[in-house]
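Structural overview
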Amino acid sequence: TLQFDEFLRSLKQNIKSPHSILLGAGASIESGIKSAGDCIWDWKKEIFLSKNPGAIGQYANANIKSDTIQRPIQNWLNAQNCYPAENSNEEYSFYAEKAYRIPDDRRKYFQSIISDHEPSIGYHLISMLAQEDIIKSVWTTNFDGLMVKCAHQYSSLVPIEITADTSDRLYRNRASQELMCIALHGDYKYGSLKN
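A brief structural summary.

1. Topic: the nonpolar core
Residues Trp-43, Ile-73 and Leu-179 are the most contacted members of the largest nonpolar core, which totals 43 residues. For this core, the secondary structure elements donating two or more residues are helix 3 (36-51), helix 5 (67-80), helix 6 (91-99), helix 7 (103-114), helix 8 (121-131), strand 2 (135-140), helix 9 (146-152) and strand 4 (178-183). Excluding residues that lie within four positions of it along the chain, Ile-73 makes contacts with Trp-41, Lys-44, Lys-45, Phe-48, Tyr-59 and Ile-64.

Structural data, given as structure tokens:
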């Protein structure tokens, strides 16, 4: 692992080499997008409230990040003996499909949480480095499309979006000022979960 100053010196020596970045949820969270964990708790709360309408007044507008709100919901889920264990790998796909059985409803959920958000400074820094041909590709698990949206804001930069459905674009000849934006998520925004 390099310290920041060490990284800068290394980058200076490799400025002509194309670089790729693996971008995680931090840039999206900084842009106001919910994390996967936040989505899971949204779904848990929706299931809990639809099965317990008497609790709507107490929980509907409550801060779902609060342990005093999460514990009763998780305790109820645990008592049902049909939900995955808390923090298990199955939670994300299970709760997304349980909360919204209709695929188009899941797509609408994801669309609602990504609309009206602007890319954070991290996305802008990547775009500026791409303009200088330092960064050539961004690989991301984020489903919000903010990297592509941000790259479009830089007039000389052309983002090339690559998803599971357009993976053949990986093999195209790259031109100067293109930024490959590779989506690793395969999330419900586009259909069934693929990851």
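2. Remarks on helix 8
Here helix 8 has its buried residues at Tyr-123, His-124, Ile-126, Ser-127 and Ala-130. Each buried residue of helix 8 sits inside an arc of 160 degrees when the element is viewed along its axis, so together they form one side. Contact partners of the buried residues in helix 8: strand 1 (19-23), helix 2 (25-30), strand 2, helix 9 and strand 4. In the segment just after helix 8, Asp-133 is the residue with positive phi, at about 60 degrees.

3. Quick notes on the packing of helix 3 against helix 7
Angle between the axes and distance between the axes: these two values describe a pair of packed helices. Viewed as axis vectors pointing N to C, helix 3 and helix 7 meet at an angle of 125 degrees, and their least axial separation amounts to 13 Å. Comparing the axis directions of helix 3 and helix 7 gives the class oblique. Here helix 3 runs over helix 7; the crossing is right-handed. For the pair formed by helix 3 and helix 7, the contact residues are Cys-39, Asp-42 and Trp-43 on the first element and Tyr-109, Phe-110 and Ile-113 on the second.

4. Topic: the packing of aromatic side chains
Per the counting criterion, the structure on display carries 12 aromatic pairs. Ring centres 5.8 Å apart and planes at 10 degrees place the aromatic pair Tyr-83 and Tyr-95 in the stacked group. In this pair, Tyr-83 sits in the loop between helix 5 and helix 6 while Tyr-95 sits in helix 6, placing the two residues 12 residues apart along the sequence. As far as the burial class goes, Tyr-83 and Tyr-95 line up, both buried. Grouping aromatic residues by their ring pairs yields a cluster made of Trp-43, Tyr-92, Tyr-100, Tyr-109, Phe-110 and Phe-143. The positively charged end of Lys-44 is found above the aromatic ring belonging to Trp-41, 4.1 Å away from the centroid.

Analysis parameters
- Residue positions are given per chain, counted from 1 along the sequence in the order it is written.
- Side-chain atom pairs in this predicted model are given and counted only at pLDDT of 80 or more, local residue features only at pLDDT of at least 70, and totals for whole chains, interfaces and linings cover all residues.
- Values reported for side chains reflect all heavy atoms of the structure, with hydrogen atoms and water molecules removed beforehand.
- In these notes, a set of buried Ala, Val, Leu, Ile, Met, Phe, Trp, Tyr and Cys residues joined through side-chain atoms within 4.5 Å is what counts as a nonpolar core.
- Each residue gets one of three labels from its accessible area relative to the maximum for its type: buried under 20%, exposed over 50%, partly exposed in between, using a 1.4 Å probe on protein chains only.
- Numbering goes from the N terminus for both helices and strands, where a helix is a DSSP run of H or I of at least four residues and a strand is a run of E of at least two.
- Whether two residues are in contact is decided by their heavy atoms, any of which lying within 4.5 Å being enough.
- Each direction from the helix axis to a C-beta atom contributes to the arc, which is the arc of those directions.
- Interaxial angles span 0 to 180 degrees and are taken between N-to-C directions of axes, which are lines fitted to C-alpha atoms, for helices over the stretch in contact.
- Orientation is classified from the angle alone, with under 35 degrees giving roughly parallel, over 145 giving roughly antiparallel, 65 to 115 giving roughly perpendicular, and any other angle giving oblique.
- We call a crossing left-handed when the near helix sits turned anticlockwise from the far one by less than a right angle, and right-handed when that turn is clockwise.
- Only Phe, Tyr and Trp rings are paired, with Trp represented by its six-membered ring, and only when their centres lie within 6.5 Å; those with planes under 30 degrees apart are stacked, over 60 edge-to-face, the remainder tilted.
- For a ring to carry a charge above it, either NZ of a lysine or CZ of an arginine must fall within 6 Å of the ring centroid while also lying within 35 degrees of the normal to the ring plane.

Functional significance is not addressed by these values, which are geometric in nature.
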